[in-house]
Amino acid sequence: MKRMILSLLLILFLLVGGRLSAMAEFRATPSPTPTLTPSPSPSPTPTPMPTATPSPIPTASPMPTPTPVPTPTPSPTPTVPKFITPDGKEDENQIILALAKYKSVELDEGIFDITAEFQIPSGRAFHGQGKYATILKPSANLYSTVLIQNSTNITLWDFAIDGSLVTAKAVAGIHIYNSSYVRGYNLYIYDFATGESNGIGIGLGSHHNQFDYIRVARAGDEGISINGSNYNTIDHYISENNAEQGIVVRNGASYNTVAYSEFFGSLFGISNYWQPGSTDAVAKFNTYSYNVLWGNGANIQANGNFETGDRNLYLTFSFNRSFDAVPMGNFYGESVRFTDVAHSLLMGNTHLNNPGGVRLYDSGHNKLIGERLINTPLVEGGALTVENEMIGVEIMP
């Protein structure tokens, strides 16, 4: 009995063990991944591409015959100055050649023989080694030594012009005509002694020029002439024994300034002048300040046009020192000589030892403010000398 039971148990064990083994094999062996076959979709009918029409290839135009490029004219050297030494004979020739090519021309020490005037073009610098070291010496009948005409932006410095050989009349050491922005300094011009000659002439159509630290001596007429030219400045100028005027401003010249200068030994030191009998316009709106004037026939002179009655000059004379005027010819040693002058200002000037006094003739509607007259009388005369306003004027013996 027992054996039967054991046999049954053994059979049961074997059956169960084999089933479990088969299940284990089933679990351990992976199932193959099924392959998905997509459903065939209908193929789209392709749109036919348009047939491209080829663009015609342009026919190349023939290359033009190149225009030959002209050889440029060399411009003036902007930085390197041309250095010139005098050879003592017609030195203006090498100066003219240098000015045509170079923006800066430098003269060596010595005396340069000038037999023809030379013109300085626009944009040039022209200078020497000093106003007593480099000397231009013109000869014969030269209208001017240095001519500046229809030009602008020129600078001159450090040379002298000796006019002692010149015999022509009405000449100038430097003549400026219809030009602007000319600057000159540390110049000495002397001995242009023939009649109607001047050191520097600033002529018609010129404007905004400036000269300072210059000296003009023994000119036959004016040291400096400003004729029909506006907005010029003269300062630190010495006028020495020029025959007629140290400086003359005339023929409608307006808005000019003369300052910090010295005038002696001329018929007029400063002259704001209208030429009687001429058709010149009067010179207006000019200013003269901080100057020293002495030993002239009239230190300061101004006149309007009595023929047309144009007397309104609107001049300013301020903070000048005027002394020791000397009678010459028809002038009485005036410190100030106004004739036919109206609406002008004398302010802060000192007048000392001038026998002709401060003379106002046919001059009215002017202002005298803070004037000091020492041993200088105030003289008024003429029917038109009316309504001159005096404010703080001191008159002392």
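Residues numbered from 1 in each chain as written. Predicted model: local features only at pLDDT ≥ 70, side-chain atom pairs only at ≥ 80, totals over all residues. Heavy atoms only, no water.

Trainee: Got a minute to help me understand the pairing of strand β27 (residues 357-361) in this structure?
Mentor: Where burial is concerned, most of β27 is hidden: 4 out of the 5 residues are buried. Pairing of β27 with strand β30 (residues 378-381), which is carried by 4 bridges, proceeds in the parallel orientation. Residue pairing in the sheet places Tyr 361 in a bridge with Gly 381 of β30. (Buried < 20%, exposed > 50% of the residue type's maximum accessible area, 1.4 Å probe, protein only. Helix = DSSP H or I, 4+ residues; strand = E, 2+ residues; numbered from the N terminus. Pairing = 2+ DSSP bridges.)

Trainee: Sorry if this is basic, but what is going on with the nonpolar core here?
Mentor: As a rule of thumb, nonpolar side chains are buried together in soluble globular proteins. Phe 126 and Leu 136 are the most contacted members of the largest nonpolar core, which totals 62 residues. Among the elements that line this core, the one with the most residues is strand β8 (residues 152-162), at 4 residues. When near neighbours in sequence (up to four residues on either side) are disregarded, Leu 136 contacts Leu 107, Phe 112, Ile 114, Phe 118, Phe 126, Thr 145, Val 146, Phe 159, Ala 160, Ile 161 and Asp 162. Ile 135, Ala 160, Tyr 188 and Ala 217 belong to the second largest nonpolar core, which has 5 residues in total. (Core = buried A, V, L, I, M, F, W, Y, C linked by side-chain atoms within 4.5 Å. Contact = heavy atoms within 4.5 Å.)

Trainee: Mind showing me how you'd approach the sheet that holds strand β4 (residues 118-119) here?
Mentor: Where strands meet in a sheet, backbone hydrogen bonds hold them as pairs that are either parallel or antiparallel. With parallel pairing, the 11 strands of this open sheet are ordered in space as β4-β7-β9-β11-β13-β15-β18-β21-β24-β27-β30. Pairing within the sheet leaves two strands with one partner each, and these edge strands are β4 and β30.

Trainee: Looking at this structure, how should I read the environment of Asp 235?
Mentor: By the secondary structure assignment, Asp 235 is in strand β14 (residues 233-240). Overall, the relative accessible area of 13% leaves Asp 235 in the buried class. Once you skip the residues sitting within four places of it in the chain, Asp 235 turns out to touch Gln 210, Phe 211, Asp 212, Tyr 213, Ala 259, Tyr 260 and Ser 261. At 3.2 Å, the side chain of Asp 235 forms a polar contact with the side chain of His 236. (Polar contact = N/O pair within 3.5 Å; in protein donor to acceptor, adjacent residues only side chain to side chain.)

Trainee: Honestly, the confidence of the model for the protein in this entry has me stumped. Any pointers?
Mentor: Reading fine detail from the predicted coordinates is not recommended where pLDDT is low. Confidence along the protein averages 86 in pLDDT terms, with 79% of residues attaining 70 or more. Between residues 57-64, whose pLDDT stays under 50, and residues either more than four places distant or in other chains, the model counts 0 contacts. (pLDDT = per-residue confidence, 0-100.)

Trainee: Help me out: how do you make sense of the environment of Ser 144 in this one?
Mentor: Along the polypeptide, Ser 144 turns up in strand β7 (residues 144-149). Here Ser 144 is in contact with Glu 117, Ala 172 and His 175, once residues within four sequence places are set aside. Reaching out from Ser 144, the side chain makes a polar contact with the side chain of Glu 117 at a distance of 2.8 Å.

Trainee: Before we go on, may I ask you to explain helix α2 (residues 92-101) in this structure?
Mentor: Helical geometry: 3.6 residues make up each α-helical turn, so side chains three or four residues apart lie on a common side. Within α2 the residues assigned to the buried category are Glu 92, Ile 95, Ala 98 and Leu 99. For α2, the arc enclosing every buried residue in end-on projection is 125°, short of the 170-degree limit, so these residues lie on one face. Of the exposed residues in α2, those oriented more than 90 degrees away from the buried face are Leu 97 and Ala 100. (Arc of directions from axis to C-beta.)

Trainee: How should I be thinking about the packing of aromatic side chains in this particular structure?
Mentor: The geometry of an aromatic ring pair is captured by two quantities: the separation of the ring centres and the angle between the planes. Taken as a whole and judged by the stated rule, the model has 17 aromatic pairs. Pairing Tyr 132 with Tyr 188 gives two aromatic rings, centres 5.6 Å apart and planes at 65°, and the pair type is edge-to-face. Residue Tyr 132 is found in the loop between β5 (125-127) and β6 (134-138), and its partner Tyr 188 is found in strand β10 (residues 180-190); the two are separated by 56 residues along the sequence. A centroid spacing of 5.6 Å and a plane angle of 85° characterise the contact between Tyr 237 and Phe 263, whose relative ring orientation is edge-to-face. Separated by 26 residues along the polypeptide, Tyr 237 in strand β14 and Phe 263 in strand β17 (residues 262-264) bring together distant segments of the chain. Taken individually, Tyr 237 and Phe 263 each receive the classification buried, so the pair is uniform in this respect. Members of the aromatic cluster, connected to one another through ring pairs, are Tyr 231, Tyr 255, Phe 285 and Tyr 314. (Phe/Tyr/Trp six-rings, centres within 6.5 Å; stacked < 30°, edge-to-face > 60°.)

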